[in-house]
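Given next are the chains, with one letter for each unit.
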Amino acid sequence: MNKRMLMIVFALVLAFTVGSVVQANVLWNSSFEDVSAGVGPPALPLNYWYLADRGGTGMFSTDQAHTGDYSAKIVGGVPNSMKQDQGSRGGVKIALDPLATYSQSVWVYLTALADPILGTQIYFRAGWGLNGYDAGATYMVTEANKWVQVVDTRTFTGNTECSMWSVRAFSGNDAVYFDDAVLAPEPSSIVGLLTGGLGMLGFAIRRRKA
Ligand SMILES: [Ca+2]
């Protein structure tokens, strides 16, 4: 195998490695199937997830599940809100690239609509440090008693001291179920990274030849 072939193979392996690492969902226990003892404050025994200072109670539940056996059930709280964050209060740090474009989504099962016409508001938010928050994304779910997926694409603009990610439903005292939450870089971000990586590789090769 000549040097050029080796370089191409190396580039492909690099591309594949970077691609697989970057594409991963950065949320822990995103399908709520790991019901072992919770990491984080004992107030919310959802492994890797906890209530976001909004009251109410949170639990793993087999009442409803979008996939597997479990979902996260939140009753009460203003709003019904759960999150993962950087560990300042015992949570687990998630790896958020503050400049990347992310796809964020969650499946929601509402047991009632907060407003019979407008539906129930779902709100995503990412944050940096203790008080730095990105602009949130708001959606209205207009159907109850079925699983509905809420999807958003967003470029975060926070600083590098990330991170926390939360999802909320403004559903009052009606039970809300969440399942299969995803926070993952968009393919365009991956393409950007790959292009940059391959560009640097080309630059390195040219430098070697020069
Ligand atoms: Ca599940």
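Below is a summary of the structure that appears in this document. Note that this is a predicted model, so its numbers are computed, not measured.

Below, the discussion takes up unusual backbone geometry. Omega for the peptide link from Val 78 to Pro 79 comes to -5 degrees, which places this bond in the cis form. Among the structural elements, Pro 79 can be located in the loop between β3 (71-75) and β4 (80-84). Located in the positive-phi region is Phe 32, a residue other than glycine, with phi close to 60 degrees. Following the sequence through the fold, Phe 32 ends up in the loop between α1 (3-23) and β1 (50-51). Take Phe 32: there are 27 C-beta atoms within 10 Å of it, and that puts it in the buried class.

In terms of nonpolar packing, the biggest core is built from 37 residues, with Ala 72, Met 82, Val 108, Val 176 and Phe 178 touching the most fellow members. Elements represented by at least two residues in this core include exactly β1, β3, β5 (101-110), β6 (120-128), β10 (162-169) and β11 (176-185). In terms of residues, this core owes the most to one element, β5, which gives six residues. Those residues in contact with Ala 72 that lie beyond four places of it in its chain are Phe 32, Leu 46, Trp 49, Gly 58, Phe 60, Met 82, Tyr 177 and Phe 178.

Our next topic: the sheet that holds strand β9 (residues 147-155). Pairing is antiparallel across the open sheet formed by five strands, whose spatial order is β2-β3-β11-β5-β9. One side of each edge strand has no neighbouring strand; the edge strands of this open sheet are β2 (57-61) and β9. Neighbour to neighbour, the strand axes of the sheet diverge by 30 degrees on average, direction disregarded. In terms of strand pairing, β2 meets β3 through five bridges, oriented antiparallel. Counted as the bridge partner of Met 59 is Lys 73 from β3.

With that out of the way, let us pick up the pairing of β3. Successive residues of a regular strand alternate their side chains across the two faces of the sheet. Buried residues dominate β3, accounting for four of its five residues. Pairing between β3 and β11: three bridges, direction antiparallel. Looking at the pairing, Ile 74 lines up with Val 176 of β11.

Parameters at a glance
- Residues numbered from 1 in each chain as written.
- Predicted model: local features only at pLDDT ≥ 70, side-chain atom pairs only at ≥ 80, totals over all residues.
- Helix = DSSP H or I, 4+ residues; strand = E, 2+ residues; numbered from the N terminus.
- Buried ≥ 20, exposed ≤ 12 C-beta atoms within 10 Å, placed from the backbone.
- Core = buried A, V, L, I, M, F, W, Y, C linked by C-beta atoms within 7 Å.
- Contact = placed C-beta atoms within 7 Å.
- Pairing = 2+ DSSP bridges.
- Axes fitted to C-alpha atoms, helices over the stretch in contact; angles between N-to-C directions.

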